[in-house]
Amino acid sequence: MPKFILTMIDAFIDNVFPWLSRAESKVSSSLEKAEGFEKMVKYWKHYDCEQHIVRTQDDYLLCVHRIPSMKSIPKGRRKSNINVRTESKGIEIIDRLDQFTLDAGAFSSPSSNYKGKPVVLLYHGFLMSSEVWVTNQDEHSNLPFILARNGYDVWLGNARGNKYSQYHVNLSPRHQAFWEFSINEFAMRDLPDTVDYILAETGAPNLTYIGFSQGTAQAFAGLSLNSDLNKKVNLFIAMAPATTPKGLQHPLIDAFVKATPSVIYLMFGRKTPLKLALFWQRIVSPALFVKVIDASVNFLFGWTGKNMTEEQKIVSYQHLYSLTSVKSLVHWFQIIRTGQFQMYDEVPSRLPYHTVNAVADHIPPRFPTLQITTPIAIFYGRSDSLVDFNVLSADLPSPLAYVKSIEKWEHLDFLWAENIEKIVYPDILKLLHKFNPPMNEGLKN
């Protein structure tokens, strides 16, 4: 778009919405304008950063970022106190860690000669990338940095189709065939292939997996289908877990999409959705973009965003969206329609309703999540419209190792809420300490 048009748009916003300009002027952050993950990490100057490429079995090339160590360690800040617990009203905890022992070799490999750092893999949510983990304005509110300071080898995955993983050995993103993937492929290809690459690269016998939103769904699905993967993941921490969302906040849109999920193909085509959101992000001011996103998620999900500061949103929302396939979006609406965490239905019913006396001609298989053997910890907000803990827990093996719920927290709060470093991260460090015993001795030195 010509520069003079952009200038006219900015002038219009300044005159009509002066409060937006004032809000934007409060934050002039290099982090907000950083072009990619590596530049965002370099902004803090304390951390080494690497980029790796994982070739999946179906020839997608996935970018995986790594923070292997710190460049410099400020005195007195080498590690955080993992015993710190800050609790407040509205927080509930179910702790069954005493029922999980490590003496049988279930979570570590006694025969392994691995002497390196314990490994942690973080995975983003739907329409996101690895950048969402490092956007907090306070350095010590970014989970990867907290983990690096505590002696962990931190890896951050990127799902096929997002800004870092739009490459394939034979296919081009310009072609529809590139975008023929759903949660099935995230779970059966991306996740196990990424885990195998990381373990081969580090020599570690296993790793801890931390997922946010769809990052939890692909792990629930992947672990349920792949018994070997359970041996490679010593602990699965699910933040704002998404498996069977109830639906959308607006009743008309919710009913419309539930009636026939395939209508999404008519709206967005067969490649990638919401390119228009990225277009508007480039031409409007960050403060106005915050207003647009807040209004959108309130309309669709009923979220208020009150637990995040406006300054934090200005930075975070600039790194919020990345591309994915329309097929994965349709997959989510199929799950919402049936109320079951199931595989993608390649031949859904053409009827936009269920008949009383009809016998289904086929039934898509559910992800057999009750077969997961990896210990599971769950963190969720009781104000998150996408999480139904009762439904989720009924589909998971018992007991869950750890559950923490926060009354007023919503979905995105588990990335960017104020005081997340006090409310959630101490628990995560405690869990990592429990399930990564080789590290315990190292931290005592």
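Placed above this text is the structure.
Residues numbered from 1 in each chain as written. Predicted model: local features only at pLDDT ≥ 70, side-chain atom pairs only at ≥ 80, totals over all residues. Heavy atoms only, no water.

*Asks:* Teacher, can you tell me more about the overall build of the protein here?
*Replies:* The number of helices and strands found in the protein is 19 helices and 10 strands. The 445 residues of the protein split such that 53% are buried. Look at the contacts in the protein between residues 6 or more apart in sequence, and 78% of them connect residues 24 or more apart. Here the protein displays about 20,200 Å² of accessible surface, and carbon together with sulfur accounts for 54% of that area. (Helix = DSSP H or I, 4+ residues; strand = E, 2+ residues; numbered from the N terminus. Buried < 20%, exposed > 50% of the residue type's maximum accessible area, 1.4 Å probe, protein only. Contact = heavy atoms within 4.5 Å. Areas by Shrake-Rupley, 256 points an atom, 1.4 Å probe, with all protein chains shown as cover.)

*Asks:* Can you walk me through the packing of helix H6 (residues 183–202) against helix H14 (residues 326–338) in this structure?
*Replies:* Two quantities define a packed helix pair, namely the angle between the axes and the distance from one axis to the other. Look at H6 against H14: their axes get within 8 Å of each other, and the N-to-C directions meet at 110°. The angle between H6 and H14 places the two elements in the roughly perpendicular class. Residues Ile183, Asn184 and Phe186 of H6 touch H14, and the partners they reach there are Ser328, His331, Trp332 and Ile335. Here the contact of H6 with H14 is composed, by residue class, of four nonpolar, three polar and no charged. (Axes fitted to C-alpha atoms, helices over the stretch in contact; angles between N-to-C directions. Parallel < 35°, antiparallel > 145°, perpendicular 65-115°, else oblique. Nonpolar A, V, L, I, M, F, W, Y, C, P; charged D, E, K, R; others polar.)

*Asks:* What should I look at first to understand the pairing of strand S2 (residues 60–67) in this one?
*Replies:* A large share of S2 lies buried, amounting to seven of its eight residues. Counting the residues in the hairpin turn of strand S1 (residues 50–55) and S2 gives four residues, including Asp59, whose phi is positive at 75°. Relative to strand S6 (residues 167–168), S2 is paired through two bridges, and the arrangement is antiparallel. Counterpart to Tyr60 in the pairing with S6 is His168. Bridge count between S2 and strand S5 (residues 153–156): three bridges; the pairing is antiparallel. Note that in S5 the partner of His65 across the bridge is Leu156. (Pairing = 2+ DSSP bridges.)

*Asks:* Got a minute to help me understand the pattern of salt bridges in this structure?
*Replies:* Any two side chains of opposite charge can pair, so long as their charged atoms come close to each other. Considering all chains together, one arrives at 18 salt bridges under this definition. Of the charged contacts, one joins Lys327 and Glu180 as a salt bridge, the two residues approaching to 3.5 Å between their closest N and O atoms. Separated by 147 residues along the polypeptide, Lys327 in helix H14 and Glu180 in the loop between S6 and H6 bring together distant segments of the chain. Connected via shared salt-bridge partners are Glu50, Arg66 and Asp153. (Salt bridge = Lys/Arg side-chain N within 4 Å of Asp/Glu carboxyl O.)

*Asks:* Quick question: what am I supposed to make of helix H18 (residues 425–435) here?
*Replies:* A large share of H18 lies buried, amounting to eight of its 11 residues. Regarding H18, the residues found buried are Tyr425, Pro426, Asp427, Ile428, Leu429, Leu431, Leu432 and Phe435.

*Asks:* Sorry, what's going on with the nonpolar core here?
*Replies:* Generally speaking, soluble globular proteins have nonpolar side chains that are buried together. Trp133, Leu147, Ile210, Val424 and Ile428 are the most contacted members of the largest nonpolar core, which totals 80 residues. When residues in this core are grouped by element, the largest group, seven residues, is from helix H12 (residues 286–301). Leaving out residues up to four positions away in the same chain, Leu147 has contacts with Val120, Leu122, Tyr152, Val154, Ile210, Leu429 and Leu432. If you look at the next biggest cluster of nonpolar residues, it comprises 49 residues, including Tyr60, Val195, Trp332 and Phe389. (Core = buried A, V, L, I, M, F, W, Y, C linked by side-chain atoms within 4.5 Å.)

*Asks:* In this structure, what is going on with the packing of H6 against helix H7 (residues 214–225)? I would like to understand it.
*Replies:* Put simply, H6 and H7 touch, their axes get as near as 8 Å, and they point 70° apart. One element, H6, and the other, H7, form an angle in the roughly perpendicular class. Both H6 and H7 take part in a crossing whose hand is right-handed. Listed contacts from H7 to Ile183, Phe186, Ala187, Met188 and Leu191 of H6 are Gln214, Gln218, Ala219, Ala221, Gly222 and Leu225. Of the residues belonging to the contact of H6 with H7, the class tally is eight nonpolar, three polar and no charged. (Left-handed = near helix turned anticlockwise from the far one by under 90°.)

*Asks:* Just checking my understanding: could you explain the packing of aromatic side chains for this structure?
*Replies:* Each pair of aromatic rings is reported with the distance of its centres and the angle of its planes. Summed over the entire model, instances satisfying the criterion amount to 19 aromatic pairs. Ring plane angle 10° and centroid distance 4.2 Å describe the contact between Tyr47 and Phe145, whose orientation is recorded as stacked. Of this pair, Tyr47 sits in the loop between helix H4 (37–42) and S1 while Phe145 sits in helix H5 (residues 143–149); the two residues are 98 residues apart in sequence, bridging distant segments of the chain. A relative accessible area of 1% places Tyr47 in the buried class. By relative accessible area, which is 1% here, Phe145 ends up buried. Ring geometry for Trp409 versus Phe414: centroids 5.0 Å apart, planes at 75°, classification edge-to-face. (Phe/Tyr/Trp six-rings, centres within 6.5 Å; stacked < 30°, edge-to-face > 60°.)

*Asks:* When you look at unusual backbone geometry in this model, what are you seeing that I'm missing?
*Replies:* The phi angle of most residues is negative, glycine excepted, and most peptide bonds adopt the trans form. Along the chain, Ser398 connects to Pro399 via a cis peptide bond; the corresponding omega equals 0°. In this structure, Pro399 sits in the loop between helix H15 (389–394) and strand S10 (402–406). Positive phi, close to 75°, is recorded for Asp59, a residue that is not glycine. Relative to the helices and strands, Asp59 resides in the loop between S1 and S2. In this model, Asn419 sits at a positive phi of 70°, which is unusual for a non-glycine residue. For Asn419, the location among the structural elements is in the loop between helix H16 (413–416) and helix H17 (420–423).

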